[in-house]
Amino acid sequence: MDADDQERQRQWGRVIWERPPALAAGSYQSFTLRYTAGSLGIDENGGVRISFRFVSDFAPLQFDDPAADNWVTAHTRPGIRLALEFQRKGNVRPFQKTLFVHVLDGSLAEGDQITIVFGDRSGGARGWRIQTFVEEPFPFRVEADPFGTHDYVVLPEQPGFDIRPAEPHRYHLNLPSQARVGEPVLLRVKCEDVWGNPLRALADRPRLALVREGDEARPVPVAVAPRHDRGVLSYALPGLAEPGVWRARLAEGAVAGGPSNPLRVTAPAEAPLWRMWWGDFHGQTGETVGAGTVEGYFDFGRHFGFLDGSCHQANDFQVDGEVWRRIVNAGNSAYEPGAFVTFNGIEWSGNTPMGGDHNVLFNEEDPPLYRSTGWLARDGKKMEEVAPLSKLYAALRRHRAMTIPHIGGRPAALDRTDPALERLVELHSAWGTFEWVYTRAFAKGFKVGFVCNSDGHKSRPGASYPGASTFGTLGGLTCVLANEKTRDAFWEALSRRRCYGTTGQRIYVEATAEGRPMGADLEVAGPFTVEGRVHGTAPLLGVDLFLEDRVIETQAPEALGAGSGGEAWVVIRCGGSRVYGRGRRVDWKGSLALEGNRLEEATMHGLFNPLQGIQQRDATGLRFDFITTGHSVNLCLRLETPGRGRLVFESGPVSFDLDVAELGPAPRRLFEQPIDQFLDVLACPVAALPLSLPFRFTAPAPEKPETPYFVRVRQLDEAKAWTSPFYVTRLAAPR
């Protein structure tokens, strides 16, 4: 501390804090913070407040039940009463989550102390559940209000502690999506804790094998030694000699792990025209509302997220010139042609009536800073700058730039567009799934392709898990179809809408319309062909062809055909959101009872928060608690006697009583309301569903020019993929 800080500490007071060792993410802890009053003391109705970043997903603090977790207590000298209060928005962003300690019935003199115990265990509780993602350090902001004016001052020294990954939980295996016969392949393996944090060191060396689809009886052991770098094992595999769809599998390891994403190996003459590269082009860090640094963001995406490309998107109203230069420098430094592609960018964050959130991407090394306002930037410029949205469009036309409307905090208005700049819309992020976006976009005449990204705030692009926060689901990914891994090649592909988005899984999708790639414009004289193939990361439920926002045909696996046989599980699917904005979550807490049968097995798909899901289960039913924020979730039930019994389902949005014998492979819709809220029930032969599915549709010619057609892929695990639309015009009949 310098002399000024020492004088502030003398007058305002100081924090006494014994920094604990690194603590496991999501664990229950107890620790004590002491505030010692300075020469100003603390007047009656004054106090201290301890604030945390809004993105932190620690358990809510409580002050009423000593036997319950997350109990917080505060004490001072006799005769003084302390009142505790917690507010989710009790301070200025980003340190919004705030504990207030109010001094009542007297005042504190210099040297008096307030002792605050987070996670007080004296009543038998486990402690306070700390946040679920790694942060070094996890910061507090302690402030004092000596005069009771609610004008708090930040104390010179601040507490904090490091949060490390929890125990190993699962292996994550990654392969590229494509290779030619004989082309070397890089297999990468990381180990994550239950919250999705990658471990930084691995003592275990799992045994792995490569398996070709349709030839599972002949796995090929991975014999090469891996290179270990900060918890990631990289296996440089020699080229595969046989074409087909390959996946890496875990043969033996200290923890479980599912198969890798599919790798399609082709003979050189059959190789696709475009390579598939995976990106996450939307997320932010501690420079604004999130955690971590922009430099760490790009490093995570490349090393732990296994990405081919990324872009940082800071809320513009928190960015000044100095922060912008740091973001741009980090993006340019992380760009390595042939290895990792970055774009410079910023999230234009005007309120929805001004246009709403739009990601701005630049294919420039030194782009300008265009802000809606500088409301929270350190330069203090709170007035409109490049706003409303029409002014942003005008400014960007002078640059190699594009805008991508998205739904997250403040939804994009989707009431105006610039076709030269706006080539894409975002359908999915960690905030949820927003299929209503294409309905609104098409209705307004937008000509756009589809991307999915994370919009993560935790510096984890490519692996943005929701944790226990307001984020609803796993962050998305965008697959870019480009001939090389460079900025210009990616830019050309995105500008031409030659890309597709997924809910975070690396689903392999090829789709053409009359031989043209996704995103293309084409003219047809009559009905035309849309065809391709899907290789899933989980069993497939079907492929849908859309005309504008309507499904006009579905191609489902043979296993879902009438009389296909196989043991049928009962599958209850539900999802949707309540409103378009931040309060979109739908709470599905409830129960399911099974009458006249026994429940042998139950599992849930589409959940990435370990605190949600099945809370209690026995042979007669179960209790569940989960949310949806536009995305979908399902409950799969294996019954002792398939096709028998009654289901009694109760939850906040919908309840039903149903005879299992009435179910078949066609979903029965029992509930539907805005926004995309639904509940379906079906009988599904889960074990018979395929991992791959070719498709071929004969689509009707459109009635109006540039009509969008696109393909959606659905998996049993509720993962989805959306191709960018083909824009189809019907040729005029000859006169």
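Residues numbered from 1 in each chain as written. Predicted model: local features only at pLDDT ≥ 70, side-chain atom pairs only at ≥ 80, totals over all residues. Heavy atoms only, no water.

Remarks on the overall build of the protein
No. 1: Summing up its helical and strand segments, the protein has six helices and 56 strands in all.
No. 2: Computed over the C-alpha atoms, the radius of gyration of the protein is 27 Å, within 12% of the 27 Å expected from 2.2 N^0.38 for a compact globule of 735 residues.
No. 3: Considering only C-alpha atoms, the protein reaches an extent of 90 × 70 × 55 Å along its principal axes.
No. 4: Of all 735 residues assigned to the protein, the portion counted as buried reaches 59%.
No. 5: Counting contacts in the protein only where the partners sit at least 6 residues apart, residues at least 24 apart contribute 72% of the total.
No. 6: Of the accessible surface of the protein, which amounts to about 28,700 Å², a share of 49% is contributed by carbon and sulfur atoms. (Helix = DSSP H or I, 4+ residues; strand = E, 2+ residues; numbered from the N terminus. Rg over C-alpha atoms; globule rule 2.2 N^0.38 Å. Buried < 20%, exposed > 50% of the residue type's maximum accessible area, 1.4 Å probe, protein only. Contact = heavy atoms within 4.5 Å. Areas by Shrake-Rupley, 256 points an atom, 1.4 Å probe, with all protein chains shown as cover.)

Quick word on the sheet that holds strand S50 (residues 655-659)
Hydrogen bonding along the main chain pairs the strands of a sheet, whether they run parallel or antiparallel.
No. 1: In spatial order, the strands read S45-S46-S43-S49-S50; together these five strands make up an open sheet with antiparallel pairing. Each edge of the open sheet is held by one strand with a lone partner, namely strand S45 (613-618) and S50. The average angle at which neighbouring strand axes cross in this sheet is 10°, direction not considered. (Pairing = 2+ DSSP bridges. Axes fitted to C-alpha atoms, helices over the stretch in contact; angles between N-to-C directions.)

What to know about the packing of aromatic side chains
No. 1: Taken as a whole, this structure holds 43 aromatic pairs when the rule is applied.
No. 2: Seen from their ring centres, Phe52 and Phe58 are 5.0 Å apart, and the 65° between their planes marks the pair as edge-to-face. Like Phe58, Phe52 is buried.
No. 3: The ring of Phe304 has Arg200 lying over it, and the distance from NZ or CZ to the ring centre is 4.7 Å.
No. 4: Cation over ring: Arg440 sits above Tyr580, and NZ or CZ is 4.7 Å from the ring centre. (Phe/Tyr/Trp six-rings, centres within 6.5 Å; stacked < 30°, edge-to-face > 60°. Lys NZ or Arg CZ within 6 Å of the ring centre and 35° of its normal.)

Thoughts on the sheet that holds strand S15 (residues 170-174)
No. 1: Taken in spatial order, the five strands line up as S20-S21-S17-S15-S23 in an open sheet, and their pairing is mixed. The sheet is open, and its two edges are formed by strand S20 (227-229) and strand S23 (256-257), each paired on a single side.

A word on the environment of Glu364
No. 1: Inspection of the secondary structure puts Glu364 in the loop between strand S28 (358-362) and helix H4 (389-396).
No. 2: We classify Glu364 as buried; its relative accessible area is 18%.
No. 3: Remark: the alpha-carbon pair of Glu364 and Ala699, spanning 335 residues in sequence, is separated by 40 Å.

Topic: the side chain of Thr115
No. 1: For Thr115, the position within the fold is in strand S9 (residues 113-118).
No. 2: Residue classification places Thr115 among the buried positions, given a relative accessible area of 19%.
No. 3: If sequence neighbours within four positions are ignored, Thr115 has contacts with Thr32, Leu33, Arg34, Thr73, Ala74 and His75.

Structural notes on helix H2 (residues 294-303)
No. 1: Among the residues making up H2, those that are buried are Val294, Tyr297, Phe298, Phe300, Gly301 and His303.
No. 2: Buried residues in H2 make contact with S20, strand S21 (232-237), strand S25 (275-280), strand S26 (309-311), helix H3 (321-334) and strand S27 (341-348).

As for the pattern of salt bridges
No. 1: One pass over the full model with this rule turns up 54 salt bridges.
No. 2: Residue Arg49 is joined to Glu143 by a salt bridge in which the shortest nitrogen-to-oxygen separation is 2.9 Å. Taken as a pair, Arg49 in strand S5 (residues 47-52) and Glu143 in strand S12 (residues 141-145) lie far apart in primary sequence, 94 residues in all. In terms of burial, Arg49 and Glu143 fall into one category: buried. (Salt bridge = Lys/Arg side-chain N within 4 Å of Asp/Glu carboxyl O.)

Section: unusual backbone geometry
No. 1: That bond from Arg93 to Pro94 is cis: its omega, 10°, falls within 30 degrees of zero.
No. 2: With respect to the element layout, Pro94 can be found in the loop between strand S7 (81-87) and strand S8 (97-104).
No. 3: Between Glu136 and the following residue, Pro137, the backbone shows a cis peptide bond with an omega angle of 0°.
No. 4: Note that Pro137 resides in strand S11 (residues 135-139).
No. 5: Residues other than glycine seldom take positive phi values, yet Glu718 does so here, at roughly 70°.
No. 6: Here Glu718 lies in the loop between strand S54 (707-715) and strand S55 (720-723).

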